[in-house]
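Architecture and fold: a report
In case you want the letters, here they are:
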Amino acid sequence: MITAIYPGSFDPITLGHIDIIERAAKCFDNLHVCVMINADKKNPMFTPEERMEFVKKAVKKYRNVQAEAWSGLLTDYAQQKEATVLVKGARNVCDFDAEYQMSLINKGIKPDLETVILPASSAYIHFSSSMAREMIRYHQPLERYLPAEIVGDVAAIARQKNIVRR
Ligand code: PNS
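Residues numbered from 1 in each chain as written. Predicted model: local features only at pLDDT ≥ 70, side-chain atom pairs only at ≥ 80, totals over all residues. Heavy atoms only, no water.

A look at the site of the ligand
Just so we agree on the cut-off: Near residues are defined by distance, with any heavy atom within 4 Å of the molecule or strand qualifying the residue. Whenever a nitrogen or oxygen atom comes within 3.5 Å of another N or O atom, the pair is scored as a polar contact, on the condition that within protein one atom can donate a hydrogen and the other can accept it, and that pairs from neighbouring residues in sequence are kept only if both atoms are in side chains. Using a grid of 1 Å spacing that covers the protein atoms alone, one calls a set of points a cavity when a 1.4 Å probe fits there but cannot get out, and a pocket when the set is open and has protein on both sides within 12 Å along at least five of seven lines; lining residues are those with an atom within 4 Å of a point. Throughout, a molecule is located in a cavity or pocket provided that more than half of its atoms lie within 2 Å of its grid points. Helix and strand definitions here come from DSSP, where helices need a minimum of 4 consecutive H or I residues and strands a minimum of 2 consecutive E residues; each element is numbered from the N-terminal end. Charged means Asp, Glu, Lys or Arg here, nonpolar means Ala, Val, Leu, Ile, Met, Phe, Trp, Tyr, Cys or Pro, and polar covers whatever is left, Gly included.
The ligand sits among 11 residues. The nearest are Ser 9, Met 36, Lys 41, Leu 74 and Asn 106. Ser 9 places a polar side-chain atom, nitrogen or oxygen, 2.4 Å from an oxygen atom of the ligand. Judged by the proximity of its atoms to the pocket grid, the ligand belongs to the largest pocket. Of all elements in the fold, only β1 (3-8) and α4 (93-109) reach the threshold of two or more residues within the shell around the ligand. When the residues that make up the shell around the ligand are grouped by side-chain class, the tally is 6 nonpolar, 4 polar and 1 charged.

Looking at the packing of aromatic side chains
Going by this rule: Paired rings are identified among Phe, Tyr and Trp, the last through its six-membered ring, by centres lying within 6.5 Å, and are further divided according to the angle between planes into stacked (under 30 degrees), edge-to-face (over 60) and tilted (the rest). Residue exposure (1.4 Å probe, protein chains only): buried if accessible area is under 20% of the type maximum, exposed if over 50%, otherwise partly exposed.
Counted by the stated rule, this structure contains 6 aromatic pairs. Between the aromatic rings of Tyr 6 and Phe 10, the centroid separation amounts to 5.6 Å while the plane-to-plane angle is 70°, which identifies the pairing as edge-to-face. Each member of the pair Tyr 6 and Phe 10 is classed as buried. Every member of this aromatic cluster is reached through a ring pair, and the members are Tyr 124, Phe 127 and Tyr 145.

Some details on the sheet that holds β1
What counts here: What makes two strands pair is DSSP finding at least two bridges between them. Every angle, taken between N-to-C directions, lies between 0 and 180 degrees, and every axis is a line fitted to C-alpha atoms, over only the stretch in contact when it is a helix. Two residues form a contact once any of their heavy atoms are found within 4.5 Å.
With parallel pairing, the 5 strands of this open sheet are ordered in space as β3-β2-β1-β4-β5. At either end of the open sheet lies a strand with only one pairing partner, and these are β3 (65-70) and β5 (114-119). Along the sheet, successive strands turn relative to each other by an average axial angle of 30°, direction set aside. Bridge analysis of strand β4 (residues 85-90) against β5 gives 6 bridges, and the strand direction is parallel. Directly across from Gly 89, in β5, lies its bridge partner Leu 118. In the packing of helix α3 (residues 74-81) onto the sheet, contacts are made with β1, β2 (30-36), β3 and β4, and the angle to β3 comes to roughly 135°.

Here we look at helix α5 (residues 129-137)
Restricting attention to buried positions, one finds in α5 the residues Ser 129, Met 131, Ala 132, Arg 133, Met 135 and Ile 136. Looking at the buried positions of α5, the neighbouring elements they touch are α1 (15-27) and α6 (148-160). Two residues or fewer past α5, His 139 is found with a positive phi of approximately 55°.

A few points about the layout of surface pockets
Rolled over the atoms, a probe sized like a water molecule indicates the empty space that remains. Using the following cut-off: Grid points are joined across faces, edges and corners, and a volume is the space filled by probe spheres set on the points.
Of the voids in this model, the largest pocket is the one considered here, and its volume is about 1,200 Å³. For the largest pocket, the lining is made up of 40 residues, of which Pro 7, Gly 8, Ser 9, Lys 41 and Glu 99 are closest to its centre. Elements with a minimum of two residues in the lining of the largest pocket: β1, α1, β4, α4 and α5. For the lining of the largest pocket, the element with the highest residue contribution is α4, accounting for 7 residues. Residues belonging to the lining of the largest pocket are distributed by class as follows: 18 nonpolar, 12 polar and 10 charged.

Rendered as structure tokens:
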């Protein structure tokens, strides 16, 4: 039984993340999508609770995928879940370089934790949460970038928070 973790800020979760989740869910018995709520990111567009709700809705259809939030070290979360694999996506060599470095840090803390880096599918190599946030700000059609299950909620929250520029 192999339990894997797919961590990230998910501000918000995009179709690029879903691509990785769908593929990782086929490789491992259980996949925990972990919304890191203390991720070193300034000015998130969405609160941890909002990001968590989006992820929960977007992964509901996958039988062996669960969404959770965590505010500590990733390796402690892996320990708690008895997970042996960290899943990361890489769109290009910059992503790979950053993920490689993080994998060494995590392995230094927890040597039995392997990082598996999945290359992004070609349809999503230009996708990112920051790009999705721009599309939200400029009132672009969100179904191109975000899972269908969250488009309505994201648009409603963005309107409420006065994020959308007209
Ligand atoms: O979606 P992101 O922001 O690129 O994800 C980065 C994230 C949250 C996975 C990374 O910053 C992380 O693992 N943070 C948790 C704290 C931790 O364990 N740090 C040590 C590993 S670098």
